[in-house]
Each structure stands twice: as structure tokens, then as C-alpha cells.
Amino acid sequence: MTNVAIIGGSGYGAAELVRLLHIHPYAKLTAIISHSKQGTDFSTVYPHMNQIADQTMEQLDVKKLSETIDLVFFATPSNVSKTIIPDFLASGITCIDLSGDFRLHSPAVYQQWYQAEAAAEEYLHQAVYGLSEINAASVRSAKLIANPGCYPTAALLGLIPVTEKELIEPNSIIIDGKTGVSGAGRSLSQHVHFAEMNENVKAYKLGSHKHIPEIEQALQEYIAADIQLTFTPHIVPMTRGIMVTCYAKLTENITTAQIETIYHTFYQQHPFVRVRADGEVPTTKEVYGSNYCDIAIHVDERTNRLTIISVIDNLVKGAAGQAIQNMNISNGWDQTTGLQHAPIYP
Ligand SMILES: NC(=O)C1=CN([C@@H]2O[C@H](COP(=O)(O)OP(=O)(O)OC[C@H]3O[C@@H](n4cnc5c(N)ncnc54)[C@H](OP(=O)(O)O)[C@@H]3O)[C@@H](O)[C@H]2O)C=CC1
Ligand SMILES: CC(=O)N[C@@H](CCC(=O)OP(=O)(O)O)C(=O)O
């Protein structure tokens, strides 16, 4: 049994980790840490977990915790884990960070997009970007795993197979993202007020979303040049789900069927990526509550542009599910352990 703890106990990411860890056969949740609700039972904050996860949330004591756990999940906002993780690493604890603190390699780029000082450079170098399907080999030996952002997970799983094969012009990439409201976390903020969300669709952070450098950095590993892409996120009135629609100019004449074959081959060994048949377009409900990422491809032969549609559940494959997938890989367990449940439908 691997003993694990969660930090950021009262947030949505933590709640989803607790739900998924409850059915995990090899991981035992030994502590839930909360800085605002220490002393409160988890099930008081989340009554749907009554008699399932009643443990009392605790104050963070790194030294004490390090004596009892093997692995810690950070489900905290950015700018929190960067100062705490070094202490856990010094005690040999594996750290999986759901926030963006260790995703970007360059401190200057982090400073620019997060408007805050980056983590110490040695830790940025040590961190492995935990896009499970792509980086499993590095995740296996990592002590610090930077779990990808929700939009980047969907966008990169959609874009990497054709970027790797140089089938698209990287600088022509445009990503249109749509997220459910839970993507904003549980803390109240005006842009998710019911009256402003219901029957409304909003674009936000035009040209300034922190996921832009994250997607660019990951794609740059496949080509020997910088990439600059356009990403526009939208918030839509649903609870969970992300759909990204990526557009890019093709570099050669190729059919939808040929590209689909490339995707099927690329994801053959990856049970959580389901490539849809031609003409079938996935919806966010078809992955709801699950760790799946469903992808559809369409070649517009008239314009020679490729459209890629990719859907995930932001809290599962986009956060807690992928974090558990990374824990599985890191422990040498089957990557699907504790994550085999089907999506909830309708
Ligand atoms: N929601 C989503 O779909 C996704 C979220 N993420 C990332 O996961 C992380 C958690 O997100 P999410 O759970 O949605 O956010 P929430 O706002 O729901 O929860 C974050 C929790 O972190 C704790 N926290 C807040 N401020 C501080 C602080 N200054 N110091 C320590 N702890 C703090 C709080 O819990 P407590 O007071 O109990 O400690 C809070 O409830 C974020 O970095 C987010 O960007 C990534 C992908 C998808
Ligand atoms: C609706 C909404 O506000 N969504 C958030 C999701 C960001 C997120 O979860 O951040 P990381 O994945 O980088 O940790 C946003 O777009 O900023």
C-alpha cells in the first residue's frame, strides 16, 4: 500500500482526488490537509462523501507528514506548492502538483504569464511534465511531477500526433477552448456567478491565458523551432467538461482517413485516448466523470486545413484522474488502476 496525502483539501481538485482514491486498490489516503478548514471533517465540506470519506482535515506539518506518507498531491492554486515541495522532496516524498508551478521550464516565462516569481530553477529542471500518454517513461522515474493543465491536456493529446509527423504548420495553430464552470475551482469568483453564467457564453483571457506557453513549450519539443499559437478559452454553462477545437494548416495533401490511421497507431497502447471514427464528433458528456480523452479529426480538403476536436472531463483527465494515472505509472502499477470506470451518461 502507498500512503498518500492531499493538500488543498476543500477544493474541487482535492474532492475529485478523494473520490477516485476511495476506490484505488493500492493507495491509501492517510491525510487531507486544509489551510482554511483544518479540524473540519472532509464530509462536512463535501456531504456527498458522508460515510465514505469522513476524515478530519489537518493543518500542514511537512515534517510529521513526511514520516507517514510516500506521495503527496498538491491541489492548491499556483504560487503555493513552489515553496513547500522542496521540503517534501528533501524527505524523499514523491510530489504530484496539479497547479502550474512546475510546468514551465523557464522562470522568465513563468514570471511573464503567472505574474509571480517562479520556483527555484533546480526544481523546474527536475520536474517532469506529466502528460501521461506522452511522458510515461520520464514520469516513471520522477520524484516531482507537474500535472498538466486542463486545456493543455486536451489540446496536446489532439495536436501531438500531427505535430510530431510535421503534418501541420505549427505557427498556423488556432485553439478554441470551452470549459465547464468547475474549471474555475470552488472559490467564489464573479466570472462564475450563476446569473452571469446561465444562458451565457464568455470568452476570457484573450491572448493572455497561462496555458498558452504550456502548450507551446510541449509542442516545441517536436520541432526545432519556437511556436506561437493562438488560444481563446471560453466558459460555458455546464458543470464539467472541456472541448478544444484546434485548427491548423496542413503541410501536404492528406485525407481524413489517412490522418485517423496515424492517430489510431499513435494511441494504440493508450487506453484512455479514444479516436473516433470519421464523422463522429465527441461531446463532453461522452467522457463525463471519466479519465478518457476522445478525439475526432477532420480534413477540410477545400481549405487544406485540419480540424481536431478533443474532449475531456476537466476534473478527471484534466486534473485528478491524470494525477492518479501518473501515480500509477510512477509506482509501476497498470496506468488504469482505479480509473477504469466508464463515463456517466447522460
Ligand atoms: N478545477 C479544474 O478543473 C482544474 C484545476 N487545476 C488546478 O488544480 C489546482 C486546484 O484547483 P481547484 O481544486 O479547482 O481549485 P479550488 O479553488 O477549488 O481549490 C483550491 C484549494 O486550495 C487551497 N488553497 C487556496 N489558497 C491557498 C493558499 N494560499 N495556500 C494553501 N492552500 C490554498 C484551498 O483549500 P484549503 O483551504 O482546504 O487548503 C482551496 O480550496 C489549481 O492549481 C488549479 O489551477 C488543474 C486542472 C483542472
Ligand atoms: C473557468 C476557468 O477559469 N478555468 C480556469 C482553468 C485553469 C486551471 O485549472 O488552471 P491550471 O490547469 O493551469 O492549473 C482558467 O481558465 O484559468
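Residues numbered from 1 in each chain as written. Chains lettered and ligands numbered in written order. Predicted model: local features only at pLDDT ≥ 70, side-chain atom pairs only at ≥ 80, totals over all residues.

**Digging into the overall build of the chain**
Heads up, the rule is: Per the convention used, a helix needs a DSSP run of H or I reaching at least four residues, while a strand needs a run of E reaching at least two, with both numbered from the N terminus. Throughout, radius of gyration means the C-alpha value; the globule benchmark is 2.2 Å times the number of residues raised to the power 0.38. To assign burial, the other C-beta atoms lying within 10 Å of each residue's own C-beta are counted, with C-beta atoms placed from the backbone; 20 or more indicates buried, 12 or fewer indicates exposed, and intermediate counts indicate partly exposed. Note on contacts: each residue gets a C-beta atom placed from the backbone, and two residues are in contact if those atoms are within 7 Å.
Scanning the chain for helices and strands turns up 12 helices and 13 strands. Over its C-alpha atoms the chain spans a radius of gyration of 20 Å, differing by no more than 12% from the 20 Å that the globule rule assigns to 346 residues. For the chain, the spread of C-alpha atoms along the principal axes amounts to about 60 × 45 × 40 Å. Within the span of the chain, comprising 346 residues, buried residues form 46% of the whole. Expressed as a percentage of contacts within the chain between residues at least 6 apart in sequence, the contacts between residues at least 24 apart total 70%.

**Section: the domain arrangement of the chain**
In plain terms, the rule: Boundary definitions for the domains trace back to an automatic or database domain assignment. Residues are grouped as follows: Ala, Val, Leu, Ile, Met, Phe, Trp, Tyr, Cys and Pro are nonpolar; Asp, Glu, Lys and Arg are charged; every other residue, Gly included, is polar.
Domain assignment breaks the chain into domain 1 (2–126) and domain 2 (151–314). Measuring from the centre of the C-alpha atoms in domain 1 to the corresponding centre in domain 2 gives 27 Å. With 9 residues of domain 1 in contact, the opposing surface of domain 2 contributes 7 residues. Per-element accounting of the side of domain 1 that touches domain 2 gives the leading share, 3 residues, to helix H5 (residues 107–114). Here the side of domain 1 that touches domain 2 is composed, by residue class, of 5 nonpolar, 3 polar and 1 charged.

**Some points on the pairing of strand S2 (residues 27–33)**
Rules: Strand pairing requires that DSSP identify at least two bridges connecting the strands. Clockwise travel from the first strand over the helix to the second, with the strands pointing away from the viewer, marks a crossover as right-handed.
Among the 7 residues in S2, 5 count as buried, and that is most of the element. Where strand S1 (residues 2–7) and S2 come together, 6 bridges link them in parallel fashion. Its bridge partner being in S2, isoleucine 7 is matched across the sheet by isoleucine 33. Since S1 and S2 lie parallel, the crossover through helix H1 (residues 12–22) that links them has a hand, and here it is right-handed.

**Observations concerning the site of ligand 2**
Put simply, the rule reads: For each residue, a C-beta atom is placed from the backbone, and the residue is labelled near a molecule or strand when this atom is within 6 Å of it.
Around ligand 2 sit Ser99, Gly100, Gly149, Cys150, Thr179, Gly183, Ala184, Lys210, His211, Pro233 and Ile235, and that is every residue in its neighbourhood. In terms of residue class, the shell around ligand 2 is made up of 4 nonpolar, 6 polar and 1 charged.

**Some words on the UniProt feature "active site" (unreviewed entry) in the chain**
We apply this condition: UniProt positions are given in the numbering used here, feature names are shortened, and annotations may be inferred rather than shown by experiment.
Summarizing the sequence annotation, UniProt attributes the feature "active site" (unreviewed entry) to Cys150 in the numbering used throughout. The topology assignment puts cysteine 150 in helix H8 (residues 150–164). Ignoring any residue separated from it by four or fewer positions in sequence, one finds cysteine 150 in contact with Thr179, Gly183, Ile242, Asn314, Gly318 and Ala319.

**Section: the site of ligand 1**
In the vicinity of ligand 1 lie 29 residues, with Gly11, Gly13, Ser34, Ser99 and Gly185 positioned nearest. Secondary-structure elements contributing two or more residues to the shell around ligand 1 are H1 and helix H12 (316–331). For the shell around ligand 1, the leading source of residues is H1, giving 3 residues. Across the shell around ligand 1, the residue classes tally to 9 nonpolar, 18 polar and 2 charged.

**Some details on the packing of helix H7 (residues 132–140) against H12**
Quick note on the threshold: Inter-axis angles, ranging from 0 to 180 degrees, are taken between N-to-C directions of lines fitted to C-alpha atoms, where helices are fitted over the stretch in contact. Angle categories: roughly parallel below 35 degrees, roughly antiparallel above 145, roughly perpendicular from 65 to 115, and oblique for all the rest. In this scheme the handedness of a crossing depends on how the near helix is turned from the far one: anticlockwise by less than a right angle means left-handed, clockwise means right-handed.
Between H7 and H12, whose axes approach to 9 Å, the crossing angle comes to 40°. It follows that H7 is oblique to H12 by the angle criterion. Between H7 and H12 lies a crossing of right-handed hand. When H7 is examined against H12, the residues Ser132, Ala136, Val139 and Arg140 are found in contact with a partner set consisting of Gln322, Gln325, Asn326, Ile329 and Ser330. Here the contact of H7 with H12 is built from residues that sort into 3 nonpolar, 5 polar and 1 charged.

**Examining the sheet that holds S1**
In spatial order, the strands read S2-S1-S3-S4-S6-S5; together these 6 strands make up an open sheet with parallel pairing. Since the sheet does not close on itself, it has two edges, and those belong to S2 and strand S5 (128–129), each with one partner. This element, H12, spans S1, S2, strand S3 (71–74), strand S4 (94–97) and strand S6 (144–146) of the sheet and lies at about 155° to S4.

**Points about unusual backbone geometry**
That bond from tyrosine 345 to proline 346 is cis: its omega, 0°, falls within 30 degrees of zero. Here proline 346 is to be found in the segment after H12. We note that glutamate 199 has phi near 55°; this positive angle belongs to a residue other than glycine. Note on placement: glutamate 199 falls in the loop between helix H9 (194–197) and strand S8 (202–203). Although it is not a glycine, asparagine 304 sits at a positive phi angle of roughly 60°. For asparagine 304, the location among the structural elements is in the loop between strand S12 (293–300) and strand S13 (305–312). Here asparagine 304 falls in the partly exposed class, since 13 other C-beta atoms lie within 10 Å of it.

**Overview of the pairing of strand S7 (residues 174–179)**
Direction of pairing for S7 relative to strand S9 (residues 230–235): parallel, over a ladder of 6 bridges. Looking at S9, one finds that isoleucine 175 is bridged to phenylalanine 231. Where S7 lies against strand S10 (residues 242–249), 6 bridges are found, and the strand directions are antiparallel. By the bridge assignment for S10, isoleucine 175 is matched with cysteine 246.

**Side note on the sheet that holds S9**
Reading across the sheet, the 7 strands line up as S8-S9-S7-S10-S13-S12-S11 and stay open at both edges, with mixed pairing between neighbours. Sheet topology places S8 and strand S11 (273–275) at the edges, where each strand pairs with a single neighbour. Where S8 meets S9, 2 bridges bridge the pair, whose relative direction is antiparallel. By the bridge assignment, alanine 203 is partnered in S9 with histidine 234.

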